[in-house]
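Analysis of the macromolecular model
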Amino acid sequence: MLETTRLSVDEVARRVGYAEPSTLRRLIRREARRSPAELRRPGKLAGKPPP
């Protein structure tokens, strides 16, 4: 959802059921090894494996 919308991370977190947006941010960093902002950058990470 972060890659396809302009909603804030806080709003995305609420919409997918997280009570605390920080929980979603930590999950993204742990699982994607990228920040939410990095996931949103078009083309920058396309096709690149996580470090």
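Residues numbered from 1 in each chain as written. Predicted model: local features only at pLDDT ≥ 70, side-chain atom pairs only at ≥ 80, totals over all residues. Heavy atoms only, no water.

**Here's the deal with the pattern of salt bridges**
Tallied over the full model, the rule gives 4 salt bridges. Where Glu11 meets Arg15, a salt bridge forms, and the shortest distance between an N and an O atom there is 2.9 Å. Pair noted here: Glu11 and Arg15 are both in helix H1 (residues 9–15), with a separation of 4 residues, about one helical turn. Look at Arg15 and you get exposed, because its relative accessible area is 53%. With a shortest N-O distance of 3.1 Å, Glu31 and Arg30 are connected by a salt bridge. Comparing Glu31 with Arg30, the two get one shared label, exposed. Among the charged side chains, a network of salt bridges with common partners joins Glu11, Arg14 and Arg15. (Salt bridge = Lys/Arg side-chain N within 4 Å of Asp/Glu carboxyl O. Helix = DSSP H or I, 4+ residues; strand = E, 2+ residues; numbered from the N terminus. Buried < 20%, exposed > 50% of the residue type's maximum accessible area, 1.4 Å probe, protein only.)

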